[in-house]
Structure formats: structure tokens, C-alpha cells
Amino acid sequence: MVFDPLSYMSRWGHKKVMLCHDPDTGLRAVIAIHSTALGPATGGTRMWPYESDHEAMLDALRLARGMTYKYAAAGVDLGGGKGVIIGDPRTDKTEALLRAYGRFVDSLRGEYITGEDVGTTLDDMEIIYAETDHVVTLPEHCGGAGDISPATALGAVMATKACAERVWGTPSLEGRRVALQGLGTVGSKALALLRAEGAEVVVSDLDEQKVDWARDAHGAAAVEPEEIYRQDVDIFAPYALGGIINDETIPQLRCRIIV
């Protein structure tokens, strides 16, 4: 089925999508705004080597919608937005490209506020901040909170314990088996917290070095990325890219809880 952006936006109530191109730096990006009903649309900027422009646009739209509900559920007066930069963050990211992206963010005059996400860092946000004030995650020397990944990981693990209490009558994770997908800045910290709670963890990641670290530093078991869904566990913990709970993966899951 051909992806029709306007039909998708109409179905899910999106307000705006902006396609960004800067020929001097090679920037190709999408900024999606789902809602500004509660406040300016806010959400991180992801940099990823999408297979197609349509895939990038769909990801931005989907993530922006998710941010609307996250802020509403948390009682925060912000709306949902998301940015994606098309490219490999390991090879395509430059200061000039990030500054060009910052100028596009600034052109929205505060309707969209960005932050770090998969493939971007606090250092990247500082570069974008040179072009626009509309950045919400910044290093401490820029007046920001610094690295927020420990708080993100802690929040996710506390949610895991709350779900455990709902299902088994106790928040204890001692002896619970967890399949953890993704060992990025948040997933790696969540792994340490889960192990400290006494959980047995099996991990997967596309980066073999991260998998080796999880084995050596935390005694985690490991499986190939495509096998993580089929693990016989109590809890499935996705810390990688979004959109992985779908018609293809749900029948494979063998768990009581997804957090």
C-alpha cells in the first residue's frame, strides 16, 4: 500500500509536517507536529539511515502523535512533535548539517521544541542551540539538565516494578526473567538497574560491542536481534527503536508484561 501522508494526518489528527532540505550541507529532514492543544509541540530529533523518505516521514508522524499522549498523560502542558534527520549519525553528521537543521526548527517560531533522541546527543543539541532557542535538552553549562538518560531508565524500571505488582502481587523483580531489546544510552542503564533488582536479563543489540559489554559487565545472556521476541520470559523490555510491537512480533512474544 502506498503511504499517503495527508490521509494519514487526517486519520490521526496531525496539524503539520515540514520537509527540510539544505543543499549546502546535504540535510534532509522531517519535522512533524501532531498537536499544540496543550502547548508547543515538543519531542526529540532522531537521526537514522531510513530506507526511504516515506519511512522517515511515517516515523516522524507516528512519534509526534505518541508525544502528544505522553505529555497529556503526564499532565504536562506541551503538545506532540518529532523531528527526524535522514542519515547515518556515525558518518553523515556534521556541525554544518546540525546548524542547518537548527535554522529550520527556528523558522517554526517556537511551535516546535526539539531535544535529543536516537542518533543525536547533548553535544548535538548544543550545536542546534546555536541557531535556535527552541531546544529542551541541553548540557548543564548551557542551562539544561544534562544527561537525562539515567532518569529515563529509572522511570522505566519503576514502571516495570509497578506492572510486576499488578500481575504478581509484588513489585520485586528478584528472579524475574527480562528480555531487553537495545543497549543504547537508556537501555544500558536500565540493564544495570534491572540486574541490581535481581532480575535475570537476556539482551540483544545490533552492536556486538554493546552485547559483549552487557555479558562482561552485568552477566547478561544474549541472543540475536531477531530472536529477542521469542524468549520465554516474564517481561519484554523494548529499549530500541519504536514500532516494534506489531502484527508480526506480537504472536512471537512469550511474556506477561511489556514495559
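Procedures and definitions
Residues numbered from 1 in each chain as written. Predicted model: local features only at pLDDT ≥ 70, side-chain atom pairs only at ≥ 80, totals over all residues. Heavy atoms only, no water. 1 Å grid on protein atoms, 1.4 Å probe; cavity = no way out; pocket = protein on both sides within 12 Å on 5 of 7 lines; lining within 4 Å. Points joined across faces, edges and corners; volume = space filled by probe spheres on them. Helix = DSSP H or I, 4+ residues; strand = E, 2+ residues; numbered from the N terminus. Pairing = 2+ DSSP bridges. Salt bridge = Lys/Arg side-chain N within 4 Å of Asp/Glu carboxyl O. Buried < 20%, exposed > 50% of the residue type's maximum accessible area, 1.4 Å probe, protein only.

1. Concerning the layout of surface pockets
In this structure, the second largest pocket occupies an estimated 220 Å³ of space. If you go around the second largest pocket, the residues you meet are Phe3, Arg46, Trp48, Tyr50, His54, Glu55, Leu58, Asp59, Arg62, Leu241, Gly242 and Gly243. Listing elements by their share of the lining of the second largest pocket, those giving two or more residues are β4 (45-48) and α2 (53-74). In terms of residues, the lining of the second largest pocket owes the most to one element, α2, which gives five residues.

2. Notes on the sheet that holds strand β9 (residues 221-222)
One open sheet holds the five strands; their spatial order is β9-β8-β7-β10-β11, and the pairing between them is parallel. In this open sheet, the two strands that pair with only one neighbour each are β9 and β11 (257-258). Of the strand pairs in this sheet, strand β7 (residues 177-181) and strand β8 (residues 200-204) are connected by five bridges, and their pairing is parallel. When the bridges of β8 are listed, leucine 180 appears paired with valine 203.

3. Brief notes about the pattern of salt bridges
Overall, the coordinates contain 17 salt bridges when judged by the stated rule. Note that glutamate 111 and lysine 15 form a salt bridge whose closest N and O atoms lie 3.0 Å from each other. Here lysine 15 lies in the loop between α1 (5-12) and β1 (16-22) and glutamate 111 lies in the loop between α3 (95-107) and β6 (112-113), a separation of 96 residues in the sequence. Close ionic contact of aspartate 53 with arginine 28 constitutes a salt bridge, the shortest N to O distance being 2.3 Å. Remark: arginine 28 occurs in strand β2 (residues 27-35) and aspartate 53 occurs in helix α2; sequence separation between them is 25 residues. Judged by relative accessible area, aspartate 53 falls into the partly exposed class, the value being 42%.

4. Some words on unusual backbone geometry
Even without being a glycine, arginine 109 presents a positive backbone phi close to 55°. Its place among the elements puts arginine 109 in the loop between α3 and β6.

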